[in-house]
Structures are given as C-alpha cells and as structure tokens.
Amino acid sequence: MYYLVIACIFFGEVLVIYSEQIGARLYGIGTYSFGSAFVWTLVSAIAGAILLVIGYMRGVKLHQNIWAVTALSLSSILIVEPLFNYFYIGHVPELGSFIGFLFGVLGILAVTFL
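Keep in mind it's a predicted model, so treat the numbers as computed, not measured.

Cut-offs used in this document
- Residues numbered from 1 in each chain as written.
- Predicted model: local features only at pLDDT ≥ 70, side-chain atom pairs only at ≥ 80, totals over all residues.
- Heavy atoms only, no water.
- Helix = DSSP H or I, 4+ residues; strand = E, 2+ residues; numbered from the N terminus.
- Buried < 20%, exposed > 50% of the residue type's maximum accessible area, 1.4 Å probe, protein only.
- Areas by Shrake-Rupley, 256 points an atom, 1.4 Å probe, with all protein chains shown as cover.
- Contact = heavy atoms within 4.5 Å.
- Phe/Tyr/Trp six-rings, centres within 6.5 Å; stacked < 30°, edge-to-face > 60°.

Trainee: In this structure, what is going on with the overall build of the protein chain? I would like to understand it.
Mentor: What the protein chain contains, in helices and strands, is 4 helices and 0 strands. Taken from the N to the C terminus, the helices and strands of the protein chain come in the order α-α-α-α. Projected onto its principal axes, the C-alpha coordinates of the protein chain cover approximately 45 × 35 × 15 Å. Each of the 114 residues in the protein chain was classed as buried or not, and the buried ones make up 26%. Approximately 7,600 Å² of the protein chain is accessible, and the part contributed by carbon and sulfur atoms is 75%.

Here it is as structure tokens:
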C-alpha cells in the first residue's frame, strides 16, 4: 500500500507538471493558440489530478498524518519540475531562481529528516 501511495503521488505530480510545461511550451514558445494548447494540457492534468487525489486519500489513511503526504508531494515537485524545465523546455535557472531552488531543497530535507 505504501508504494501505491508513493507511485500515485509521484506520477500524479509528473502528469500535472507535464501538462503545465506542455501548455507553456505550446502556447508561450510554440505557435499554438491558447484554446488548442489548453485542450492538449487538459487530459494529462485531469489524469494527474486523479492520481494525486487517490495518493492523498490513501496516504492520509495509511499514515494518519497529512504532513507525511505533503512532504512526499513537495519532494516530487522539487525533483521533477526542474528536470522538466531543463530537459523539456531547455531553460537554465538564473541566480535568484537557483538560490530559491536550493532553499527549497533544504526545506524539504528539513521536513523529511528533522
């Protein structure tokens, strides 16, 4: 059951982040209209939201604590989103963004291990 919770939350975050990134790429960088880019992102966003809800429900039932589930969700975002930004969109962080990212990593480590 624990691995199901991890998988649902991780892949739910992946799908939601993917939908954000593909929307940004198609509309912001590409030549798609807002409506067509939005439709392309909608399917993966809905699938990701379903997985996230399942993961949160099962995770809270399993742990009896929302904070463990939230830390897992934030850790997934912290791992996946920068990778998508760099490898899919092709943008590197500026100094302020990179410092903010490092503080986010430190915060997640503090929540996880302290």
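Trainee: Help me out: how do you make sense of unusual backbone geometry in this one?
Mentor: In terms of backbone geometry, most residues other than glycine have negative phi values and most peptide bonds are trans. In the Ramachandran plot, Gln 64 falls in the positive-phi region, its phi being about 60° despite a non-glycine side chain. Its location among the elements puts Gln 64 in the loop between helix H2 (34-63) and helix H3 (66-89). According to the relative accessible area criterion, Gln 64 is exposed, its value standing at 64%.

Trainee: Would you mind going over the side chain of Glu 13 with me for this structure?
Mentor: Structurally, Glu 13 is set in helix H1 (residues 2-29). In contact with Glu 13, other than residues within four places in its own chain, are Leu 52, Ser 73, Ser 76 and Ile 77.

Trainee: So what exactly am I meant to see when it comes to the packing of aromatic side chains here?
Mentor: Geometry of an aromatic ring pair is reported as the spacing of the ring centres plus the angle between the planes. The tally for this structure, following the rule as stated, stands at 8 aromatic pairs. Ring centres of Tyr 18 and Tyr 88 lie 6.1 Å apart, and the angle between their planes is 55°; this geometry places the pair in the tilted category. One end of the pair, Tyr 18, is in helix H1; the other, Tyr 88, is in helix H3, and 70 residues separate them in sequence. Tyr 18 gets classed as partly exposed once you look at its relative accessible area, which sits at 29%.

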